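# Notes for the structure review
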Amino acid sequence: MSDKKVTKRTTEDVVSKTASKRKQNEVQESIAEELSPSEKRKEWLKEKAKTVKIPEEDAAVIKPGHIFLEQGPLIIHLCSECKKFNAQRPATIVGEGRVELPMAMCAICRHHFNRQRSVRFFEHELAAIKRDMDL
Ligand SMILES: [Zn+2]
């Protein structure tokens, strides 16, 4: 015998729920119509951001010896909080005609930096080598 609970819905229930759902959609649509494009984008971004997992510290370890010895350009994306933080710190003259910029990076920026380097190496450089060497 099945344990499934069978719920019999009456026509009244269906009409009521459908009407309620319709009204809810109308309310959401009217709210959406009132928002400016930038507010709509902000709401869309907030919904997307809810699904993202913030990286753990152990996934955000950076190794200068690896980073600065790689071939090609060095591209670093910083979030607005990191940019704001670094903007308040002074550049330091470190000798041999060099100035060191402050470069503090949060776990999100470090994790992204590692991912970006990994994707570039495994999905771009190795793919190009495979194609070029006909491997
Ligand atoms: Zn950051």
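## Points about the overall build of the chain
Of regular secondary structure, the chain possesses 5 helices and 2 strands. With 135 residues in all, the chain has 1% of them scored as buried. Considering only contacts within the chain whose residues lie at least 6 apart along the sequence, 59% involve residues at least 24 apart.

## What about helix α2 (residues 37–49)?
Between the first and last C-alpha of α2 there are 18 Å, a value that for 13 residues agrees with the 18 Å anticipated at 1.5 Å per step. Of all 13 residues making up α2, only 0 are buried, and the element is barely covered by its neighbours.

## A closer look at the confidence of the model for the chain
Taken residue by residue, the chain gives an average pLDDT of 84. The fraction at 70 or more is 79%. Here helix α1 (residues 11–34) stands out as the least confident element of the chain, with mean pLDDT 64; helix α4 (residues 80–87) is the most confident, with 98. Contacts of residues 1–7 to residues separated by more than four positions or lying in other chains number 0 contacts, the stretch itself having pLDDT below 50.

## Considerations on unusual backbone geometry
Of note, the phi angle at E96 is positive, near 55°, even though the residue is not glycine. Note that E96 resides in the loop between β1 (92–95) and β2 (98–100). Classification of E96 by C-beta neighbours within 10 Å gives exposed; the count is 5. The phi dihedral of D134 falls on the positive side, at around 50°, and the residue is not glycine. Here D134 lies in the segment after α5 (107–132). Judged by the 5 C-beta atoms lying within 10 Å of it, D134 is exposed.

## Some thoughts on α5
With 26 residues, α5 should reach 38 Å at 1.5 Å per residue; the first-to-last C-alpha distance of 36 Å fits that figure. At F121, α5 shows its maximal kink, close to 30°.

Quick notes on the rules
Residues numbered from 1 in each chain as written. Predicted model: local features only at pLDDT ≥ 70, side-chain atom pairs only at ≥ 80, totals over all residues. Helix = DSSP H or I, 4+ residues; strand = E, 2+ residues; numbered from the N terminus. Buried ≥ 20, exposed ≤ 12 C-beta atoms within 10 Å, placed from the backbone. Contact = placed C-beta atoms within 7 Å. Expected span 1.5 Å × (residues − 1). pLDDT = per-residue confidence, 0-100. Bend = angle between axes of the 7 residues up to and from the residue.

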